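The chain contents come next:
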Amino acid sequence: MTSDQITSCAPAGRPSAPQTLGFLLLDNFTLISLASAIEPLRMANQLAGRELYRWYTLTQDGAPVRASDGLNVTPDAAMQAPLALDWVIVCGGVAPQHSVSREHIHWLQTQARQLKHLGAICTGSWALAKAGLLDHYETSIHWECLASVQEAFPKIVLTTKLFSIDRDRFTASGGTAPLDMMLNLIAHDHGKALSAGISEMFIYEHMRNEQDQQRVPLKHVLGTTQPKLLDIVALMESNLEEPLELNELASYVDVSRRQLERLFQRYLHCSPSRYYLKLRLVRARQLLKQTSLSIIEIASVCGFVSTPHFSKCYRECFGIPPRDERLGSQSRQTAQIKNAPLIQHWGVEPVGSEPTSSALLALAYAQGEPTFASVPLMN
């Protein structure tokens, strides 16, 4: 990440007044991603000994929302509450296509017109994309949604990076990736010493940057650094629609076909053909669950010459034919919507009365901590 890239996302210089963030929680958002984004802000305030960041959790109508792990979260306010927000961050999770409402879209578009910095974590990028606010922006989103976002929003510059900062947009994939994004933004706003202090408090040994990829590299999964095998798998992943012959793969990395087969058997415990087929079928499963492409189209883009052959391979791999996979996914989504428990409306603060930020409460509790105000800020 370059300093120029961050500068457009954060205010120039080192802010003196607290920056205010609104976290818009979608139904079935992932709690770990929200915590990964908020906890660095809390610790920044604690270590600085003053309120650098203020945040509010928001929902469409101010009612509690259920996280993907089943926990109900009561927000600070409705998204229409009269708050002077500097940043708006959409927190997504499971099935964002079914969690983004027309009201969400209109509100986000209004925030964009007011020159807000807009962000998203986990699958929250889907909401910004649906509102047309990520066109021609480099965007990170959880790898499970890459295929569906690419099909639905072709103007977005999708990347597999852990997080992306592009002008006034910042997006992070799921899990702990928002922690890294926030640490980088805090370092820019208030200095690397504060960011390093937060990392120490969280026992977080290595702060990743924007160039890190979100998926765990194969060499870490295998516990080996076999460069030839890694190169071959990368070639396979880049050529799913038109699969390469094994002899071609071997020649590209300067090994014999026999050596190629030995590498796969030794480290991946299957033949290269079998591994290549599994990659194509996993991609097909993503497209079946997340897009409206027909089964014929999916078979084609995943390198199958015929639909019957695709269906046969799919059934052998996953124990269910592609058509049943899609129907089952749709019926599960319908059942989730029908069986969603009724949620009592949570009262919103009256217009003109700003709700209390939980940042202030957290800072008050932190005053008793030995680390309170332990990191002097750069001027």
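Let me sum up the structure you'll find in this document. Everything numeric here is computed off the predicted structure, so don't read it as measured data.

A word on unusual backbone geometry
Inference 1: Not every positive phi belongs to a glycine, and H136 is a case in point at roughly 70°.
Inference 2: Secondary-structure assignment places H136 in the loop between α4 (125-130) and β8 (138-140).
Inference 3: One non-glycine residue, I203, lies in positive phi territory at about 50°.
Inference 4: For I203, the position within the fold is in the loop between α7 (192-201) and α8 (218-222).

Section: the pairing of strand β6 (residues 87-91)
Two faces, one strand: in a regular strand the side chains alternate between the faces of the sheet.
Inference 1: Most of β6 is tucked away: five of the five residues are buried.
Inference 2: Where burial is concerned, the two faces of β6 agree: the one with W87, I89 and C91 and the one with V88 and V90 are both buried.
Inference 3: Strand direction decides the pairing type here: strand β1 (residues 19-25) and β6, joined by five bridges, are parallel. When the sheet's bridge partners are listed, F23 is paired in β6 with I89.
Inference 4: In terms of strand pairing, β6 meets strand β7 (residues 117-121) through five bridges, oriented parallel. Residue pairing across strands places C91 opposite I121, the latter belonging to β7.
Inference 5: Regarding topology, helix α3 (residues 102-113) serves as the crossover connection from β6 to the parallel β7, and that connection is right-handed.

A look at the sheet that holds strand β11 (residues 169-172)
Inference 1: Across the sheet, which stays open at both edges, the seven strands sit in the order β5-β2-β1-β6-β7-β11-β10 with mixed pairing between neighbours. Every interior strand has two partners, whereas the edge strands, β5 (77-78) and β10 (163-166), have only one.
Inference 2: Strands β1, β2 (53-59), β6 and β7 of the sheet are contacted by helix α2 (residues 31-48), whose axis makes an angle of about 155° with β2.

As for the environment of D61
Inference 1: As for its placement among the helices and strands, D61 is situated in the loop between β2 and β3 (65-66).
Inference 2: It is 7.9 Å that separates the C-alpha atoms of D61 and A77, two residues lying 16 residues apart in sequence.
Inference 3: Polar side-chain contacts of D61 include one of 3.0 Å to the backbone nitrogen of A63.

Observations concerning the side chain of R326
Inference 1: Turning to its location among the elements, R326 is positioned in helix α15 (residues 322-339).
Inference 2: Lacking a salt bridge, the buried R326 has E297 as its closest oppositely charged neighbour, with an N-O distance of 7.2 Å.
Inference 3: A polar side-chain atom of R326 sits 2.6 Å from the main-chain carbonyl oxygen of L293.
Inference 4: The contacts of R326, once residues within four sequence positions are left out, are L287, L288, T291, S292, L293, S294, I295 and I298.

Things to note about helix α11 (residues 257-267)
Inference 1: Residues of α11 that are buried include every one of L260, L263, F264 and Y267, and no others. One face of α11 carries all of its buried residues, which in axial projection span an arc of 95°. The exposed set on the far side of α11, more than 90 degrees from its buried face, consists of R258 and R266.
Inference 2: Two residues or fewer past α11, H269 is found with a positive phi of approximately 60°.

Some points on the pairing of β7
Inference 1: Counting buried positions along β7 yields five of five residues, so the element is predominantly enclosed.
Inference 2: Here β7 runs beside β11; their pairing, made up of four bridges, is parallel. Note on β11: the bridge partner recorded for G119 is F170.

Conventions used here
Residues numbered from 1 in each chain as written. Predicted model: local features only at pLDDT ≥ 70, side-chain atom pairs only at ≥ 80, totals over all residues. Heavy atoms only, no water. Helix = DSSP H or I, 4+ residues; strand = E, 2+ residues; numbered from the N terminus. Buried < 20%, exposed > 50% of the residue type's maximum accessible area, 1.4 Å probe, protein only. Pairing = 2+ DSSP bridges. Right-handed = clockwise from strand over helix to strand, strands pointing away. Contact = heavy atoms within 4.5 Å. Axes fitted to C-alpha atoms, helices over the stretch in contact; angles between N-to-C directions. Polar contact = N/O pair within 3.5 Å; in protein donor to acceptor, adjacent residues only side chain to side chain. Lys, Arg positive; Asp, Glu negative; His and termini not counted. Salt bridge = Lys/Arg side-chain N within 4 Å of Asp/Glu carboxyl O. Arc of directions from axis to C-beta.

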